[in-house]
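Residues per chain, in single letters:
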Amino acid sequence: VQLQASGGGLVQAGDSLRLSCAASAGTFSSYVMGWFRQGPGKEREFVAMIGSGTYYTNSVKGRFTISRDNSKNTVYLQMNSLKPEDTAIYYCAAGKSVSTTPQRYDYWGQGTQVTVSS
C-alpha cells in the first residue's frame, strides 16, 4: 500500500486546513486509517483514526474531523481552529487493527508539513 499525503501549509492561528491521503490499495476500505503528527523535537503522536468509527486524541476533539471516501481510496483530516501547538509534520498511516500506537500501523505516507503562526 502506498500512501500520499497532501494539503499542508502555513496558516495563522484560527485558520483551517484539510489534509488528504490517497492510497494505492484496492482494498483500502479494509484498512484502519490514522493520522499522526510529529512536532519539532517531539515523538510521533496519534491524532485521529477511522475504522468502523472514529477516535481522536483529546487535544483535537471538537476541532479536527477525520473522514474517508472509500470510492476514492482517500482519507481526510479537516482541521479547524488551528493553534500554534498543532504545528507538526502530519503523517497518514494504514493498518489492520484499531490502535493509537504508531507501531501497529503497517504503511505510512511521506508526511505533510503544517505550520500555524500565532
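You'll find the structure just up there.
Keep in mind that this is a model prediction, so the values were computed, not measured. (Residues numbered from 1 in each chain as written. Predicted model: local features only at pLDDT ≥ 70, side-chain atom pairs only at ≥ 80, totals over all residues. Heavy atoms only, no water.)

### A closer look at the overall build of the protein
Point 1. A tally of regular secondary structure across the protein gives 0 helices and 11 strands.
Point 2. Starting at the N terminus and walking to the C terminus, you meet the elements of the protein as β-β-β-β-β-β-β-β-β-β-β.
Point 3. Rg of the C-alpha trace for the protein: 13 Å, near the compact-globule value of 13 Å for 118 residues, within the 12% margin.
Point 4. Overall, the C-alpha framework of the protein stretches about 40 × 25 × 25 Å when taken along its three principal axes.
Point 5. A fraction of 58% describes how many contacts in the protein between residues 6 or more apart in sequence connect residues 24 or more apart.
Point 6. Accessible surface for the protein amounts to roughly 5900 Å². Of this, 44% is attributable to carbon and sulfur atoms.
Point 7. A distance of 5 Å separates the average location of the 11 positive side-chain charges in the protein from that of its 7 negative side-chain charges. (Helix = DSSP H or I, 4+ residues; strand = E, 2+ residues; numbered from the N terminus. Rg over C-alpha atoms; globule rule 2.2 N^0.38 Å. Contact = heavy atoms within 4.5 Å. Areas by Shrake-Rupley, 256 points an atom, 1.4 Å probe, with all protein chains shown as cover. Lys, Arg positive; Asp, Glu negative; His and termini not counted. Charge placed at Lys NZ, Arg CZ, Asp CG, Glu CD.)

### Notes on the pairing of strand β5 (residues 45-50)
Residues in a regular strand project their side chains so that they alternate between the two faces of the sheet.
Point 1. Among the 6 residues that make up β5, 5 are buried, leaving the element largely enclosed by the rest of the structure.
Point 2. The pairing of strand β4 (residues 32-38) with β5 spans 5 bridges and is antiparallel. The partner of Trp35 across the bridge, within β5, is Ala48.
Point 3. Counting the residues that bridge the hairpin from β4 to β5 gives 6 residues, and of these Gly41 lies at a positive phi of roughly 70°.
Point 4. Direction of pairing for β5 relative to strand β6 (residues 54-56): antiparallel, over a ladder of 3 bridges. Of the residues in β6, the one forming a bridge with Met49 is Tyr55.
Point 5. Where β5 folds back onto β6 in an antiparallel hairpin, the turn is made up of 3 residues. (Buried < 20%, exposed > 50% of the residue type's maximum accessible area, 1.4 Å probe, protein only. Pairing = 2+ DSSP bridges.)

### Looking at the nonpolar core
Generally speaking, nonpolar side chains in soluble globular proteins are found buried as a group.
Point 1. Of all hydrophobic cores here, the largest spans 28 residues; its most connected members are Met33, Trp35, Leu77, Met79 and Tyr90.
Point 2. Counting only elements with at least two residues in this core, the list comes to β1 (3-6), β3 (17-23), β4, β5, β7 (64-69), β8 (74-79), β9 (88-95) and β11 (112-117).
Point 3. Setting aside residues no more than four positions away along its own chain, Tyr90 makes contact with Leu19, Trp35, Phe36, Arg37, Val47, Phe64, Leu77, Met79, Gly111, Thr112 and Val114.
Point 4. Core analysis: the second largest hydrophobic core is formed by 6 residues, Phe36, Phe46, Ala93 and Tyr105 among them. (Core = buried A, V, L, I, M, F, W, Y, C linked by side-chain atoms within 4.5 Å.)

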